[in-house]
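These are the residues of each chain, in order.
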Amino acid sequence: MKKVLIVEDNKEAAESLRLLLTKEGYECFWSETKVKAHEMLKKCSPHICILDITLPDGNGIRLCDSIRQEYPNTAILFVTADDSEDSLVNGFKAGGDDYLVKPFRSRELLARIAAAAKKYSLPEEEAKHWYTSGDLRMNFKELKVYRDGELLVLRPKEYALLEQLIKANGGLLKRTQIFAEIWDREENYVEENNLSVLASRLRSKLGDYQGKPYFETVWGIGYRWSLPITHEKN
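Residues numbered from 1 in each chain as written. Predicted model: local features only at pLDDT ≥ 70, side-chain atom pairs only at ≥ 80, totals over all residues. Heavy atoms only, no water.

Novice: What exactly am I supposed to notice about the overall build of the protein chain here?
Specialist: Across its full length, the protein chain carries 9 helices and 17 strands. If you line up the protein chain on its principal axes, its C-alpha atoms span 70 × 35 × 30 Å. For the protein chain, with 234 residues in total, the buried portion stands at 42%. In the protein chain, of all internal contacts separated by at least 6 residues, the share reaching a separation of at least 24 is 57%. Here the protein chain has roughly 13,000 Å² of accessible surface; of this, 49% comes from carbon and sulfur atoms. Considering the protein chain, the positive charge centre built from 35 side chains and the negative charge centre built from 37 side chains are found 4 Å apart. (Helix = DSSP H or I, 4+ residues; strand = E, 2+ residues; numbered from the N terminus. Buried < 20%, exposed > 50% of the residue type's maximum accessible area, 1.4 Å probe, protein only. Contact = heavy atoms within 4.5 Å. Areas by Shrake-Rupley, 256 points an atom, 1.4 Å probe, with all protein chains shown as cover. Lys, Arg positive; Asp, Glu negative; His and termini not counted. Charge placed at Lys NZ, Arg CZ, Asp CG, Glu CD.)

Novice: Is there a simple way to explain the sheet that holds strand β8 (residues 130-133) in this structure?
Specialist: Where strands meet in a sheet, backbone hydrogen bonds hold them as pairs that are either parallel or antiparallel. The 5 strands lie next to each other as β11-β10-β9-β8-β17, forming an open sheet whose pairing is antiparallel. The sheet is open, and its two borders are formed by β11 (150-151) and β17 (230-231), each paired with just one other strand. Sheet topology note: the β8/strand β9 (residues 136-139) ladder contains 4 bridges and is antiparallel. Across the sheet, W130 pairs through a bridge with N139, a residue of β9. Docked against the sheet, helix α7 (residues 156-167) engages β8, β9 and β10 (144-147), running at close to 75° with respect to β10. (Pairing = 2+ DSSP bridges. Axes fitted to C-alpha atoms, helices over the stretch in contact; angles between N-to-C directions.)

Novice: What is the right way to look at the environment of A116 in this model?
Specialist: Along the polypeptide, A116 turns up in helix α5 (residues 106-118). In this structure, the C-alpha to C-alpha distance between A116 and L162, residues 46 residues apart in sequence, is 33 Å. When near neighbours in sequence (up to four residues on either side) are disregarded, A116 contacts A75, L77 and D97.

Novice: Is there a simple way to think about the packing of α7 against helix α8 (residues 175-182) in this case?
Specialist: When two helices pack together, their arrangement is given by the angle between their axes and by how far apart the axes lie. Interhelical geometry of α7 versus α8 gives an angle of 135° and a closest axis separation of 11 Å. Between α7 and α8, the interaxial angle falls into the category oblique. The interaxial crossing formed by α7 with α8 has right-handed handedness. Along the contact surface, α7 presents K157, A160, L161 and Q164, while α8 presents Q177, I178, E181 and I182. Tallied by class, the residues present in the contact of α7 with α8 amount to 4 nonpolar, 2 polar and 2 charged. (Parallel < 35°, antiparallel > 145°, perpendicular 65-115°, else oblique. Left-handed = near helix turned anticlockwise from the far one by under 90°. Nonpolar A, V, L, I, M, F, W, Y, C, P; charged D, E, K, R; others polar.)

Novice: How should the pattern of salt bridges be read in this particular structure?
Specialist: Between side chains of opposite charge, a pair can form as their charged atoms come close. Enumeration according to the criterion identifies 12 salt bridges in this entry. Of the charged contacts, one joins R112 and D98 as a salt bridge, the two residues approaching to 2.7 Å between their closest N and O atoms. A residue pair is termed long-range when its members are at least 10 positions apart, and R112 in helix α5 and D98 in strand β7 (residues 98-101) qualify at 14 residues. Between E108 and R105 there is a salt bridge, with its nearest N and O atoms 3.3 Å apart. What makes E108 partly exposed here is its relative accessible area of 22%. For R105, a relative accessible area of 61% translates into the label exposed. (Salt bridge = Lys/Arg side-chain N within 4 Å of Asp/Glu carboxyl O.)

Novice: Quick question: what am I supposed to make of α8 here?
Specialist: Every α-helix winds through 3.6 residues per turn, so residues three or four apart in the chain are directed the same way. Among all positions of α8, only R175, I178, F179 and I182 are buried. Each buried residue of α8 sits inside an arc of 100° when the element is viewed along its axis, so together they form one side. α8 presents T176 and E181 as exposed residues on the side facing more than 90 degrees away from its buried surface. (Arc of directions from axis to C-beta.)

Here it is as C-alpha cells:
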C-alpha cells in the first residue's frame, strides 16, 4: 500500500484529499505545518508527498527542496491555489514532480499522483528485497541499510546478524542459531563473548526508534527484534 503525506493547513481540504485517496487504496497521513511534516516524514516514510505552497510556518517550496535532498525517492506534488508562474517554476526547480492548481478534478489528481509515483517505483524483483522497520530501510541482497535516509556503514557480520533478526520477524533468535549461521562452520572455537560484542556494536549503529531499541536481549538465550517489520512490495 502506497503511503501519502498531505501537507495542507486547511483541515477541510486535507480531509477531502484523504477521503479521495483512501478510497483509491492509499494510506494517508496529514500535517498542517513544515515542522510536523518533517516529523511525519521520519515516522511514516511516505512514497508520495502532496504539498501546499503557503503554510503557517513557512513555504512549501522550501519544504519540497529539503524533502528532495533527504528523501530522493519520494514523489512530490504541489496541490495549491497559488497559480503564479513564479511559484510553478520554483516548485519544479525545488524538485517537485508535478504542480496542480486548485480547484482540481479528482480523476486528474489521481492520474498525476499515479504517474509521479511510478517514476520512483522499484521493479517487482528489486522491491521484494526491501524491508522497513522504524526509520530503517534494509536490502540484504545489496547490503544496504538506511536510517532516516542516511546509509549506514556495517561490517559483514553486522549485516548477517541484522538479516537474521529481520527474517526471524520478531521471533526468538537463539545464540546457537547465530553461531551456526554467521561464524564459519570450519572455525573450531569461537568465544561466547564474540556474539555479545557483535550485538552491542550493531545496536549502537542502529540507534533506537522513539526511545526503543530495535532489538532486545533475551539473557542467556538470544535476541529478538522489537519493532514491526514490513517486507516492501511496490
